[in-house]
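# Fold and contact review
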Amino acid sequence: MPFTGPIEDRLAIRELLDSYTDAASRMDRADWLGCWHDDATWWTHYFDVSGKEAIAATYDGLMGNVETTSFIGQLGSCEIDGDRATCRSYAQERLVFRDGAGSHRLTGRYEDELRKDGGCWRFAARVYKVMIEEMG
C-alpha cells in the first residue's frame, strides 16, 4: 500500500510537499528553507549537502541567476511509522534565467525521509533522481 499511517499525518505531509512546491514556485527562500530540518541532507546529481546552512547556500547558488521558476510536485507514496516517514514524490520544474541563458527543465523523482518534531513534519533527507533534463 503506497499510503499508510494516520490520516492526520498523511495530510500534514501532503501539506508540507504543497508548501515546498508553493515556496519554490514563488522563489521564497525563507518559506522553502522552513520545510527542512536543521540537520537535513539533500542529494542530487549536481551536489550532496548536509545541514540547513549548506542547503541555504546551495539554494542561493542555484537561484542566483533565476528570473522565474515553476515547480510542480505530486506525492506518489507515503509510509508513516511514528514520527518518521518515507515518501516518494515526482516533480516538474522549469527555470528561466535572467542573463538570457535560456531555461532549464527537469522532471524527476524524490525519495524522502521526513521527521516530525513538535507536531511539524519536515524533510530530513531528500534524494533527487532525474528522469528527464532539458536545457533550452
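As a starting point, this report considers the structure included with it. The model shown is predicted, which means the values in this text are computed figures rather than measured ones.

One pass over the full model with this rule turns up 12 aromatic pairs. The interplanar angle of 65° and the centroid separation of 5.6 Å between the aromatic rings of Tyr20 and Phe71 together place this pair among those described as edge-to-face. Of the two residues, Tyr20 sits in helix H1 (residues 7-26) while Phe71 sits in strand E4 (residues 66-81), which places them 51 residues apart along the sequence. Judged by its relative accessible area of 2%, Tyr20 is buried. Both rings, one in Tyr20 and one in Phe123, keep their centres 5.4 Å apart while their planes meet at 75°; by these two values the pair is edge-to-face. Linking Tyr20 in helix H1 with Phe123 in strand E7 (residues 120-135), this pair joins segments that are 103 residues apart in sequence. Aromatic rings pair up to connect Tyr20, Trp32, Trp36, Trp42, Phe47, Tyr59, Phe71, Tyr110, Phe123 and Tyr128 into one cluster. The cationic tip of Arg126 hangs over the ring face of Tyr20; the distance from NZ or CZ to the ring centre is 4.4 Å. A cation over an aromatic ring shows up here: Arg126 above the ring of Tyr110, its NZ or CZ 3.7 Å from the ring centre.

Parameters and conventions
Residues numbered from 1 in each chain as written. Predicted model: local features only at pLDDT ≥ 70, side-chain atom pairs only at ≥ 80, totals over all residues. Heavy atoms only, no water. Phe/Tyr/Trp six-rings, centres within 6.5 Å; stacked < 30°, edge-to-face > 60°. Helix = DSSP H or I, 4+ residues; strand = E, 2+ residues; numbered from the N terminus. Buried < 20%, exposed > 50% of the residue type's maximum accessible area, 1.4 Å probe, protein only. Lys NZ or Arg CZ within 6 Å of the ring centre and 35° of its normal.

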